[in-house]
Amino acid sequence: MYPLRVEDFDYELPERLIAQTPLSSRDESRLLVVDPVEHTLVHKHFRDITSFLREGDVLVLNNSKVIPARLYGEKMDTGGRVEILLLRPSERPQTWVALTRPAKRLRLGTKIRVGSEADSVLVEVVGVQGEGLREVRFETDEAVTEIANRFGEMPLPPYIHTTLEDKDRYQTVYAQNVGSVAAPTAGLHFTDELLNKVQAMGVEVHTVTLHVGIGTFRSIQVDEVEEHEMHSEWYEVSEETAAAINRAKLEGRRIISVGTTSLRTLESAGESGKMVAGARDTDIFIYPGYSFRIVDALITNFHLPKSTLFMLVSAWMGTDYAKEVYATAVREEYRFFSFGDAMFLTRRAPVDGTSQV
């Protein structure tokens, strides 16, 4: 068998279809309902998701909350402009691992002022890692997350070139646990009212947490898919959520993942075929050939060409059909990526050719 090549997961996308701003209402976005078994497509709006859910379904949300993690400052010695993207806390107090620019000029001991002369905090480079990563210590007792809330900007992906006027539009309405540097974007389409309507139908709604990390900002640098190394991300599954999913699986009810982050969490915690509660790291990499164990249906946005997430949806419905679906979305002028439209993949295309309900 020939190795999978990253080029196999490319597709044509006009730049004008990359959504630059969110819609005025979250559930106004379009919804492409896909049955990967029957190869059928239905064009709807996200508010119509209730027509495709049924009593007894289990809807799983990622409740991670995005930090306004992009900080700008200036070097104290030269006044040079510096960008600091906070990624995760380090083991040392008040110290975080960050992606920095320009990294080559940020040596050990470099001090950076974040904020203004009237209101600022000093940051010192206390560790040097590869790929532009630095450990930075905040010279204050104030929580780093509070500093980020005061001075930081939402770390929007590089393909978004407009300013986000309302920070809350890059958070899900159910965001709770602080720790992500990018939003779990499939959940951005839900409103409180829509979630209430879903629960009133008899759909169970449960949460997991996966803090989205640096992998979101990294493109694949290898030619063969299997050579790519995923960055590790922290997740947590509660006893309640694990029990609910295990119970539903035994009863033959659908587990519907809202987003690829929820899916990666569920497949990591359920690698044995049964959900295990707890908190740990995962570097799970899902691409064609993967056998899904937990998730039965998936709500997701449209993903970048040659990305690990497009590989994931290709594993779900087959690479050729995934490209067909995306070509249809382009032809119908769906909006792509973080602030774009959504898909509901109602079933998995089975690897053994059998039908799944």
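Going by the structure above, here's the rest.
Rules behind the numbers
- Residues numbered from 1 in each chain as written.
- Predicted model: local features only at pLDDT ≥ 70, side-chain atom pairs only at ≥ 80, totals over all residues.
- Heavy atoms only, no water.
- Helix = DSSP H or I, 4+ residues; strand = E, 2+ residues; numbered from the N terminus.
- Polar contact = N/O pair within 3.5 Å; in protein donor to acceptor, adjacent residues only side chain to side chain.
- Pairing = 2+ DSSP bridges.
- Axes fitted to C-alpha atoms, helices over the stretch in contact; angles between N-to-C directions.
- Contact = heavy atoms within 4.5 Å.
- Salt bridge = Lys/Arg side-chain N within 4 Å of Asp/Glu carboxyl O.
- Core = buried A, V, L, I, M, F, W, Y, C linked by side-chain atoms within 4.5 Å.
- Buried < 20%, exposed > 50% of the residue type's maximum accessible area, 1.4 Å probe, protein only.

Enquirer: Can you lay out the side chain of Ser-307 for me, pointing to particular residues and giving the numbers?
Expert: Secondary-structure assignment places Ser-307 in the loop between strand S16 (297-301) and helix H5 (308-317). Among the polar contacts listed, one links the side chain of Ser-307 to the backbone nitrogen of Phe-310, at a separation of 3.1 Å.

Enquirer: Could you give an account of the sheet that holds strand S6 (residues 81-89), naming the residues involved and the relevant values?
Expert: Read around the closed barrel, 6 strands run S5-S6-S7-S10-S9-S8, paired in antiparallel fashion. The average angle at which neighbouring strand axes cross in this sheet is 45°, direction not considered. Bridge count between S6 and strand S7 (residues 95-101): 6 bridges; the pairing is antiparallel. When the sheet's bridge partners are listed, Arg-88 is paired in S7 with Val-97. Docked against the sheet, helix H1 (residues 144-151) engages strand S5 (70-75), S6, S7, strand S8 (111-115), strand S9 (120-128) and strand S10 (133-138), running at close to 125° with respect to S9.

Enquirer: Would you mind going over the pattern of salt bridges in detail, with residue names and values included?
Expert: Following the criterion strictly, the structure yields 18 salt bridges and no others. Between Asp-296 and Lys-249 there is a salt bridge, and its shortest N-O distance comes to 3.3 Å. Highlighted residues: Asp-296 in the loop between strand S15 (278-282) and S16 and Lys-249 in helix H3 (residues 239-250), separated in sequence by 47 residues. Here the salt bridges do not stand alone but share partners, grouping Asp-35, Glu-38 and Arg-347 into one network.

Enquirer: With reference to specific residues and values, describe the pairing of strand S12 (residues 204-210).
Expert: Pairing of strand S3 (residues 58-62) with S12, which is carried by 5 bridges, proceeds in the parallel orientation. Bridged to Leu-61 within S12 is Thr-207. In this sheet, strand S13 (residues 233-237) lies alongside S12 in antiparallel orientation, the contact comprising 2 bridges. Residue pairing across strands places Leu-210 opposite Tyr-235, the latter belonging to S13.

Enquirer: Kindly report on the nonpolar core, identifying the contributing residues and their values.
Expert: Judged by nonpolar contacts, the single largest core of 66 residues is most densely connected at Tyr-170, Leu-266, Met-317, Phe-336 and Met-343. The element contributing the most residues to this core is H5, with 7 residues. Setting aside its immediate chain neighbours within four residues, Met-317 contacts Val-34, Pro-36, Ala-322, Val-325, Met-343, Leu-345 and Ala-349. Counting residues in hydrophobic clusters, the runner-up holds 26 residues, among them Leu-71, Leu-85, Ala-148 and Val-181.

Enquirer: Describe the sheet that holds strand S2 (residues 40-45), and please don't skip the residues or the numbers.
Expert: Ordered in space as S2-S1-S17-S16-S14-S3-S12-S13-S15, the 9 strands form an open sheet in which the pairing is mixed. Looking at strand neighbours, the two that pair on one side only are S2 and S15, the edges of this open sheet. Averaged over all pairs of adjacent strands, the angle between strand axes in this sheet comes to 25°, irrespective of strand direction. The sheet contact formed by S16 and strand S17 (residues 342-345) spans 4 bridges and is antiparallel.

Enquirer: Outline the pairing of S10, supporting the account with residue identities and numerical values.
Expert: With 5 of its 6 residues buried, S10 lies for the most part within the structure. Note that S7 and S10 share 5 bridges and pair antiparallel. Counterpart to Thr-95 in the pairing with S10 is Arg-137. Pairing of S9 with S10 involves 5 bridges; the strand directions are antiparallel. Bridge assignment links Val-123 to a residue of S10, and that residue is Phe-138. In this antiparallel pair of consecutive strands, S9 and S10, the connection spans 4 residues, and Glu-131 shows a positive phi of 60°.

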